[in-house]
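The primary structure of each chain is shown beneath.
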Amino acid sequence: MISSRLEKNSDRGTQSDARDNLIRSNIHHYRDMASIPEEIWLQIFKLVQNARSTVDVCGADEQLLQNMARAANVRPLAETCRAFHRICLPLLFETIAINGSFDGGPQRAQCLADVLHRKAHLKNMVSTVHIHWTDEMNEELWDRMEGVIAGLCSVRDMQIEGTFLSTKLLGQHPRLERLVLFQVYPNPIEGPTIHSFDSLKYLRCGPDGIAETTTSFTALVVPQLETLQIDAAYLTGACGYQIFQFNPAVLQKIIIESDSVWDATEDEGLVELLRRASRIKSLELSLRKFKSPSSGFMLPDDAIPDLEAFTGRTDLVLAFCKGRPVRDLQVTYRLNWSMTEEVPNLIRPGSVPLEHLHLDWMLWEDGTIEYIARHCPQLVSLKITLMVAGGHRNGTLTTRYSMPRLRRAAFLTSNHWYSDDDDGSVTEKEDKLLQESGEFWPQLEHLRLHPEYLWTYRDLEGGWVQVKRWVWDD
């Protein structure tokens, strides 16, 4: 009996000691955490914030959804304790991201308006505003959001989609560095105004609201603008592109986009815009229904003489690149084009050899890689994207044609490059290609044959290593 009691007391003592040790360990652990400077915690939380979201995002709302996901990554940390809440607060409010097409969009907008109205000090933390408004979000709520946005004095990045916009609101943010107005209608009732954005580096104006824009703004003065992205409709009518008052010595890139049939009146507007932007290095024409240059379009020989990068359809390459020092070329093939000696040379269109080549939606046939190697001996990077439909990869892929400077290469379909082959395994063919590449592509460092991963070369001892990384992360 006595022995049993002694054993029980001993067990209780052991349990008590274990509890005490655990408490002391937790206190010691807490003290260790408390000794870490808040600057270190902030850097850790930023890594959590920028962790890749598992949400499938694509299209025009991709950046908006990413911004929403970044805030969602941090929110649980902010709810852990008061110290973490204080550290996370700037991360939670650095971006206002609202998507009205999502469930809870109006409620989120209302909640943000309430919080920022009650706690004015939070407004100084906001540097990015990204709002996609919809019909489900009423006009009264938007009026309130406009008032909130107008009071944000630290905003550098603003993107507004799908609503009417007071031009006075833009005037409250002269220090913007990035501005996107997509499906936005400035209010012409306010009368024409001149706005200056001395820090703006990127400007995009979408296709809707052009008439209102050209009547609402006498000019948008953007002396530090580096990238201008506009719809082709700005090239017509009253020459809406003239409202963009940029510095030709600073502007580096122009992007023209349109899903509409190219109108003949846009020819003159495009030529005049490129004359004004005479020093640009990069031109991208995302024009799905642009007429062929053979129907009469001509770009003057003295226009954009410093062009180094061009993105566009096959039937536009020669018209815009001929005689210019284009080193970076991204071409989207039309269905009736293939790479043969019978057509004009599209992969050396300018006055210098290409260094970067991306051929999108093309046909792959025997001799394609030999044709590329022969005409582009100085390539540093090569990316091939085939048509998704089957039957368009009729040729073999080999590295047995010399490209001595090539460092990055990607050969992509909707799945693995070799997934449709009947002879031999994918792994065997992939291994063979990697081993053969060393002789004729001696500088190759990255090779991608699948959208989900790439091969990277470490050194002679380490050899080729597979790295999981999606193609859009390259």
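1. Focus on the nonpolar core
- Among the nonpolar cores identified, the biggest contains 107 residues, and F244 and F411 are the most heavily contacted of them.
- Excluding residues that lie within four positions of it along the chain, F411 makes contacts with W364, I369, L382, I384, L397, W417, W441, L447, R448 and L449.

2. Some details on the packing of aromatic side chains
- Using the criterion set out here, one finds nine aromatic pairs in the structure.
- On the numbers, 5.6 Å between centres and 55° between planes, the contact of Y234 with F244 is tilted. With Y234 in the loop between β8 (227-231) and β9 (244-246) and F244 in strand β9, this residue pair connects regions lying 10 residues apart in the sequence. F244 matches Y234 in its accessibility class, with the two residues each being buried.
- Ring-pair connections join several aromatic residues into one group, and the members of that group are W364, F411, W417 and W441.

3. Some thoughts on the environment of G206
- By the secondary structure assignment, G206 is in the loop between β6 (202-205) and α8 (210-216).
- When its relative accessible area of 1% is taken as the criterion, G206 is described as buried.
- Remark: the alpha-carbon pair of G206 and D231, spanning 25 residues in sequence, is separated by 5.6 Å.
- Residues contacting G206, with those up to four places away along its chain left out, are L181, F182, D231 and Y234.

4. So, unusual backbone geometry
- With a phi close to 35°, I304 is a non-glycine residue in the positive phi region.
- Among the secondary structure elements, I304 is positioned in the loop between β11 (282-289) and β12 (309-313).

5. Observations regarding the packing of helix α5 (residues 105-118) against helix α6 (residues 139-150)
- Interhelical geometry of α5 versus α6 gives an angle of 40° and a closest axis separation of 10 Å. Classed by the angle they form, the pair α5 and α6 counts as oblique. Every pair of crossing elements has a handedness; the one defined by α5 and α6 is left-handed. Contacts between α5 and α6 involve P106, A109, Q110, A113, D114, L116 and H117 from the first element and L141, R144, M145 and V148 from the second.
- Classifying every residue of the contact of α5 with α6 by side-chain character gives seven nonpolar, two polar and two charged.

6. Some words on α5
- Helix length check: α5 (14 residues) gives 20 Å between terminal C-alpha atoms against 20 Å at 1.5 Å per residue, within 8%.
- Taken together, the buried positions of α5 are occupied by G105, A109, L112, A113, V115 and L116.

7. Points about helix α12 (residues 426-440)
- The end-to-end C-alpha distance of α12 is 22 Å, a good match for the 21 Å that 15 residues give at a rise of 1.5 Å each.
- Residues of α12 that are buried: E430, L433, L434 and S437. Buried residues along α12 cover an arc of 100° about the axis, so they all sit on one side. Facing away from the buried side of α12 by over 90 degrees, the exposed positions are E428, K432, Q435 and E439.
- Its buried side turned inward, α12 meets β17 (446-450), β18 (453-457) and β19 (464-468).

8. Details of the confidence of the model for the chain
- Per-residue pLDDT for the chain has a mean of 78; in total, 72% of the residues score no lower than 70.
- At the level of individual helices and strands, the chain shows its lowest average pLDDT in helix α1 (residues 2-34), which scores 50, and its highest in strand β16 (residues 408-412), which scores 93.
- For the stretch residues 5-10, pLDDT sits under 50, and the model shows zero contacts to residues farther than four places along the chain or on other chains.
- Note on residues 54-60: pLDDT under 50 across the span, and four contacts to partners over four residues away in sequence or across chains.

9. Quick notes on the environment of N138
- The residue N138 is located in the loop between β2 (128-132) and α6 in this model.
- For the pair N138 and P106, spaced 32 residues apart in sequence, the C-alpha to C-alpha distance is 8.4 Å.

Conventions adopted
Residues numbered from 1 in each chain as written. Predicted model: local features only at pLDDT ≥ 70, side-chain atom pairs only at ≥ 80, totals over all residues. Heavy atoms only, no water. Core = buried A, V, L, I, M, F, W, Y, C linked by side-chain atoms within 4.5 Å. Buried < 20%, exposed > 50% of the residue type's maximum accessible area, 1.4 Å probe, protein only. Contact = heavy atoms within 4.5 Å. Phe/Tyr/Trp six-rings, centres within 6.5 Å; stacked < 30°, edge-to-face > 60°. Helix = DSSP H or I, 4+ residues; strand = E, 2+ residues; numbered from the N terminus. Axes fitted to C-alpha atoms, helices over the stretch in contact; angles between N-to-C directions. Parallel < 35°, antiparallel > 145°, perpendicular 65-115°, else oblique. Left-handed = near helix turned anticlockwise from the far one by under 90°. Nonpolar A, V, L, I, M, F, W, Y, C, P; charged D, E, K, R; others polar. Expected span 1.5 Å × (residues − 1). Arc of directions from axis to C-beta. pLDDT = per-residue confidence, 0-100.

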